[in-house]
Number of protein chains: 2
Amino acid sequence: MQRSKILTALRHGGGHRTADDIFERVRAEDPHAGISRSTVYRTLETLMQMQLVSELPGAGTSTYEWTDRDAPHHHLVCRQCGAATEIEVPALTEIESEIRARTGFEPDIHHLGITGLCASCRS
Amino acid sequence: MQRSKILTALRHGGGHRTADDIFERVRAEDPHAGISRSTVYRTLETLMQMQLVSELPGAGTSTYEWTDRDAPHHHLVCRQCGAATEIEVPALTEIESEIRARTGFEPDIHHLGITGLCASCRS
DNA sequence: TTTCTTGCAAAGAGTTTGCATTCCA
DNA sequence: TGGAATGCAAACTCTTTGCAAGAAA
């Protein structure tokens, strides 16, 4: 089963991996482990349903990352260069509760994407 | 110039329109106004650079909306059904300042996408 | 004329699907 | 054996690009 290989690739990949990244990474770790893109996509979908992985949609390509429940964090995604950096904003956790109470919407709080312009692109 | 038509379509479309939505809408409003998808995409890019329009990346397709600076709001995007609803969370504006101060990253605060599971999909 | 904008058609990129095969329980 | 997982190739969708024609300055 390729599932564990994909999950491993994601955990060791440091988050924000595209499906193609994962494909290449699994293939690199074990050249004999024939793996296909279809499997990557199908497995990612399964893992997302299991809440083990979450998706950060981006223009063009989505990135995926392992959902580490013990270390919730958020993402700053630059609209110009596409770079994604992680950030911790404790206050967002409170907002999560507020949203849930007000709307019944269950936010993936460990996976909030904030779009904007990064420091480099601003200058 | 099709620019104004596209902007009009976006403002009247109530936000969260895909490029294709816009294409159809412009065409519907004026069947003689030959317009092409290329123009829609090219114009949207121009409008985004002008900060008049912002993009909310989604899995598969991005949606665009008119940037109304007087009414900042945020989006709850369901990871299952894809529905996007608007919500106002004043506290997020404070967080915006915090992020800017800490990282130099300039958030598009009127355009923050929160992924999660909507009330309908949870039940 | 010179430059910018547009439409069309073709190309690209990312993702999904159909189907036959293989793997386990 | 029966159901789930996989690879391959083809199909699809969304988006971008090249190029020639038209509009604007």
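Residues numbered from 1 in each chain as written. Chains lettered and ligands numbered in written order. Predicted model: local features only at pLDDT ≥ 70, side-chain atom pairs only at ≥ 80, totals over all residues. Heavy atoms only, no water.

A. The arrangement of the interface of chain B and chain A in detail. In this assembly, 36 residues from chain B lie in contact with 36 residues from chain A. A per-residue breakdown of the area chain B buries against chain A is headed by R79(B), F105(B) and T115(B), which together make up 19% of the total. Remark: the boundary between chain B and chain A carries four residue pairs in polar contact (both at pLDDT 80 or more). Those elements that provide at least two residues to the side of chain B that touches chain A are β4 (74-78), α4 (90-103), β6 (106-107), β7 (112-117) and α5 (119-122) of chain B. Among the elements that take part in the side of chain B that touches chain A, α4(B) stands out by supplying eight residues, more than any other. (Contact = heavy atoms within 4.5 Å. Buried area = accessible area lost by both parts, 1.4 Å probe. Polar contact = N/O pair within 3.5 Å; in protein donor to acceptor, adjacent residues only side chain to side chain. Helix = DSSP H or I, 4+ residues; strand = E, 2+ residues; numbered from the N terminus.)

B. Examining the protein's contact with DNA strand D more closely. Around DNA strand D there are 16 residues in total, and Q2(A), G34(A), S38(A), T39(A) and Y41(B) lie nearest to it. Between DNA strand D and I35(A), the relevant distance is 3.3 Å, taken from a phosphate oxygen to a main-chain nitrogen or oxygen of the residue. One of the backbone N or O atoms of S36(A) is found 3.2 Å from a phosphate oxygen in DNA strand D. Listing elements by their share of the surface near DNA strand D, those giving two or more residues are α3 (37-49) of chain A together with α3 (37-49) of chain B. Across the surface near DNA strand D, the residue classes tally to four nonpolar, nine polar and three charged. (Near = heavy atom within 4 Å. Nonpolar A, V, L, I, M, F, W, Y, C, P; charged D, E, K, R; others polar.)

C. Fine view of the environment of S120(A). Relative to the helices and strands, S120(A) resides in helix α5 (residues 119-122). Under the relative-accessibility criterion, S120(A) is labelled exposed at 56%. (Buried < 20%, exposed > 50% of the residue type's maximum accessible area, 1.4 Å probe, protein only.)

D. The arrangement of the relation of the copies chain B and chain A in detail. Mapping chain B onto chain A is achieved by rotating through 180° and translating by 0.0 Å along the same axis, at an RMSD of 0.1 Å. Taken together, the turn and the small shift mark the pair as related by a two-fold rotation axis. Comparing contact sets, 100% of the residues at the interface of chain B also lie at the interface in chain A, consistent with an isologous, same-surface contact. (Least-squares fit on C-alpha atoms with pLDDT ≥ 70 in both.)

E. Quick look at helix α4 (residues 90-103) of chain A. All names here are of chain A. Taking 1.5 Å per residue as the helical rise, α4 with its 14 residues ought to reach 20 Å, and the 21 Å between its terminal C-alpha atoms agrees with that figure. All of the buried residues in α4 are L92, I95, E96 and I99. Along α4, the residues classed as buried sweep out an arc of 115° about the axis, all on the same side. The outward face of α4, more than 90 degrees from its buried face, is lined by the exposed residues P90, E94 and A101. (Expected span 1.5 Å × (residues − 1). Arc of directions from axis to C-beta.)

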